[in-house]
Structure formats: C-alpha cells, structure tokens
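Notes for the structure review
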Amino acid sequence: MDRASKPTCRVVKPDATYDGKQGLSYFQGIATETVGSKGICMHLLTIPPGVKAKAHLHESHETAIYMLSGSAHTWYGDRLENHVVLHAGELMYIPAGVPHLPANLSSTPCTAVIARTDPNEQESVVLLPELDGVVEIPA
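The chain goes by Cupin domain-containing protein in an unreviewed UniProt entry, where it is assigned to Neorhizobium phenanthreniclasticum.

A separate point is the confidence of the model for the chain. Here the chain shows a mean pLDDT of 90. Residues at 70 or above account for 96%. The least confident element of the chain is strand β1 (residues 17-19), whose mean pLDDT is 82; the most confident is strand β8 (residues 91-94), at 98.

In this section: the nonpolar core. Membership of the largest hydrophobic core comes to 15 residues, with the highest contact counts inside it found for Leu24, Tyr26, Leu45, Ile65 and Met67. Of all the secondary structure elements, the ones that give two or more residues to this core are β3 (41-47), β5 (63-69), β8 and β10 (110-116). The residues contacting Ile65, other than those within four sequence positions of it, are Leu86, Glu90, Leu91, Met92, Ile94, Ala112, Val113 and Ile114. Ranked by size, the runner-up nonpolar core spans nine residues in total, among them Leu57, Leu101, Leu128 and Leu131.

For the rest of this paragraph, the subject is the sheet that holds strand β2 (residues 25-30). Read across the open sheet, the six strands follow the order β1-β2-β3-β10-β5-β8; overall the sheet is antiparallel. Each having just a single partner strand, β1 and β8 make up the two edges of the open sheet. For this sheet, the mean angle separating the axes of adjacent strands, direction not counted, is 30 degrees. Sheet topology places β3 next to β10; seven bridges connect them, and they run antiparallel. Across the sheet, Met42 pairs through a bridge with Ala115, a residue of β10.

What follows covers the UniProt feature "domain: Cupin type-2" (unreviewed entry) in the chain. Listed under "domain: Cupin type-2" (unreviewed entry) in the UniProt record, and renumbered for this structure, are residues 44-113. Span residues 44-113 is 0% helix and 54% strand, its end C-alpha atoms 5 Å apart.

Before going further, it helps to spend a moment on unusual backbone geometry. For Leu80, which is not glycine, the phi torsion reads 55 degrees and is therefore positive. Structurally, the position occupied by Leu80 is in the loop between β6 (71-76) and β7 (82-87).

Before going further, it helps to examine the side chain of Ser71. By the secondary structure assignment, Ser71 is in strand β6. You can call Ser71 buried: its relative accessible area is 18%. Aside from chain neighbours lying at most four places away, what touches Ser71 is Val85, Leu86, His87, Asn104 and Cys110.

Rules and cut-offs
Residues numbered from 1 in each chain as written. Predicted model: local features only at pLDDT ≥ 70, side-chain atom pairs only at ≥ 80, totals over all residues. Heavy atoms only, no water. pLDDT = per-residue confidence, 0-100. Helix = DSSP H or I, 4+ residues; strand = E, 2+ residues; numbered from the N terminus. Core = buried A, V, L, I, M, F, W, Y, C linked by side-chain atoms within 4.5 Å. Buried < 20%, exposed > 50% of the residue type's maximum accessible area, 1.4 Å probe, protein only. Contact = heavy atoms within 4.5 Å. Pairing = 2+ DSSP bridges. Axes fitted to C-alpha atoms, helices over the stretch in contact; angles between N-to-C directions. UniProt positions renumbered as here; feature names shortened; annotations may be inferred.

As structure tokens, then:
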C-alpha cells in the first residue's frame, strides 16, 4: 500500500451543512463523503424551535444520539405509538428499521450528536410519508 492510499486520521470542522431527506439541516461530520469512513457516520444536528422531521427509518443501520443542549421529543414504533423526551446529557438508541420522528417542541433550539452504523450521510434513510400526519405539533 503506498503512502497516498494509506488510511490516516482526519479532523472535520462542522462548519458546512447539508439538507437531509428528513427535512432537517445537518452539520457535516464524519462520513464517507467527508473522510472516507467505512462503518460509521457522526454529525451534529440542531433542531430549531417548533420544527419536526419527516417520519423515517434507517433500514439496516443503528443510530445513537447524545443530546448536547435542549430537549427533543421522539415518537417511534410501527405507527409512532411510543414517545420519549430526550434531555441534555441523555443518550438514545434507535435500532435499525424502527420508524421514528423527532421534534423540538420547546422555544429554544436543541442540539445533538448523532452517530449511525451507516458511513454515508443519507444512504439508509427511508421516508415514511404515510406516518407524517400521525404526530401533530401544537402551534
């Protein structure tokens, strides 16, 4: 293996964003697209007040979330019948294939670090439009 193709450590500054299929804007982080990762993706997400994502799942990949600040509601399950609130300092695990929909119902932004076993930023995202109307966000 020559020096040019040898894997090496990389630093990523999350100053660029991309719009996810889920309807939210993510700060770029560790992914195939940024560093050539092969088994993990990790990025930052800030959800503005009163915003919810589109219902979705990650077909074959697990997700781990660490809430840095604020709080977010997440509905999950086949019909989004389960509900949790994740607060700053807490972690959440979402198994592969589980439908979910996060939302920020507070008056301040919430920010989380999100890691998935999919190295691509958006490859395993499957939108579930039939579930989008299940969760109503109060005005």
